[in-house]
Amino acid sequence: EAGVAQSPRYKIIEKRQSVAFWCNPISGHATLYWYQQILGQGPKLLIQFQNNGVVDDSQLPKDRFSAERLKGVDSTLKIQPAKLEDSAVYLCASSPLGEANEKLFFGSGTQLSVL
Amino acid sequence: LAKTTQPISMDSYEGQEVNITCSHNNIATNDYITWYQQFPSQGPRFIIQGYKTKVTNEVASLFIPADRKSSTLSLPRVSLSDTAVYYCLVGTYKYIFGTGTRLKVLA
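What comes next concerns the included structure. Because the structure is predicted, anything quoted here is derived from the model rather than measured.

1. A short note on the overall build of chain B
When helices and strands are counted, chain B shows zero helices and nine strands. Counting from the amino terminus, chain B carries its helices and strands in the arrangement β-β-β-β-β-β-β-β-β. Across its three principal axes, chain B shows a C-alpha extent of roughly 40 × 25 × 20 Å. Taking all 107 residues of chain B together, 46% fall into the buried category.

2. Overview of the pairing of strand β6 (residues 61-64) of chain B
The side chains of a regular strand alternate, first on one face of the sheet and then on the other. Residues and elements named next belong to chain B. Where strand β5 (residues 53-56) and β6 come together, four bridges link them in antiparallel fashion. When the sheet's bridge partners are listed, K54 is paired in β6 with F63. The hairpin formed by β5 and β6 contains four residues between the paired strands. Where β6 and strand β7 (residues 70-75) come together, three bridges link them in antiparallel fashion. In the sheet register, F63 faces β7, and the bridge partner there is T72. The turn joining β6 and β7, which pair antiparallel and follow one another in sequence, is formed by five residues; a positive phi near 60° is taken by R68.

3. Structural notes on the sheet that holds strand β8 (residues 75-79) of chain A
Residues and elements named next belong to chain A. As summarised here, the arrangement of the four strands in space is β1-β3-β8-β7, forming an open sheet in which the pairing is antiparallel. Two strands bound the open sheet, and with one partner strand each, they are β1 (5-7) and β7 (65-68). The average undirected angle you get between the axes of adjacent strands in this sheet is 15°. When strand β3 (residues 19-24) meets β8, the two strands line up antiparallel, connected through five bridges. By the bridge assignment, W22 is partnered in β8 with T76.

4. Here we look at the state of the cysteines
Under the defined criterion, the tally for this structure stands at two disulfides over all chains. At a sulfur-sulfur separation of 1.9 Å, the disulfide partner of C23 of chain A is C92 of chain A. Across the disulfide from C23 of chain A to C92 of chain A, rotation about the S-S bond amounts to roughly -70°, and the bridge is consequently left-handed. In this pair, C23 of chain A is assigned in strand β3 and C92 of chain A in strand β9 (residues 88-95), connecting sequence segments 69 residues apart. Accessibility assignment for this pair places C23 of chain A and C92 of chain A in one class, buried. Across the disulfide, C22 of chain B is cross-linked to C88 of chain B (sulfur-sulfur distance 2.2 Å). Classification of the bridge connecting C22 of chain B and C88 of chain B rests on its S-S torsion, roughly -80°, and on that basis the disulfide is left-handed.

5. Focus: the interface of chain A and chain B
Across the boundary between the two partners, chain A contributes 21 residues, which contact 20 residues of chain B. Across the chain A/chain B interface, buried area totals approximately 1,500 Å², and carbon plus sulfur atoms make up 50% of it. Of all residues in chain A, the largest losses of buried area upon contact with chain B belong to P43, N101 and F106 of chain A, amounting jointly to 33% of the total for that side. At the junction of chain A and chain B, the tally comes to zero salt bridges.

Each value, and the rule that gives it
Residues numbered from 1 in each chain as written. Chains lettered and ligands numbered in written order. Predicted model: local features only at pLDDT ≥ 70, side-chain atom pairs only at ≥ 80, totals over all residues. Heavy atoms only, no water. Helix = DSSP H or I, 4+ residues; strand = E, 2+ residues; numbered from the N terminus. Buried < 20%, exposed > 50% of the residue type's maximum accessible area, 1.4 Å probe, protein only. Pairing = 2+ DSSP bridges. Axes fitted to C-alpha atoms, helices over the stretch in contact; angles between N-to-C directions. Disulfide = S-S within 2.5 Å. Contact = heavy atoms within 4.5 Å. Buried area = accessible area lost by both parts, 1.4 Å probe. Salt bridge = Lys/Arg side-chain N within 4 Å of Asp/Glu carboxyl O.

Next up, the structure:
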């Protein structure tokens, strides 16, 4: 079974530039999550999708971050414009149904460095 | 959401049993306890989940006392490859990752 795919693996940009990350969840998984993990910290949930609808985006800095999952399959997360503090690993995860206590499957993440 | 507290770091030697305890005093009735493992440059990976008493799988055991205010992840006979960060999560639909416990296994 293929896992959660993310690209690119690494990205280096300068502050005020834009960047986009792509995620393809495990086939058939209805729920998709984007997490931000700053060095030395645990992952922080940015946004959760159930199919193509947003379930929770309370922690997403909406003035600069946006995410979409138009067809309920793959998803993109965009930052525009980037700030130095956005340097982090961006992790995508998926789960089958979004039901209580489901196991999350994570991708390897995109490491973003903002200079 | 229940807050969790776990040691920041632990060292162990190969072949030893490692126990990592997590405190979650305000766990809700419907909350499960879930542990994830994260290696450098990888996303977290599910290890084990439980509600009460003891759960065991091929990787670890999870001990949960009757009051469910804490839980202990037990890793039998660790090897160097078990060096990782271990996260304890408590919740039903939404999970908050803390800073985790950095386990270092020494030869």
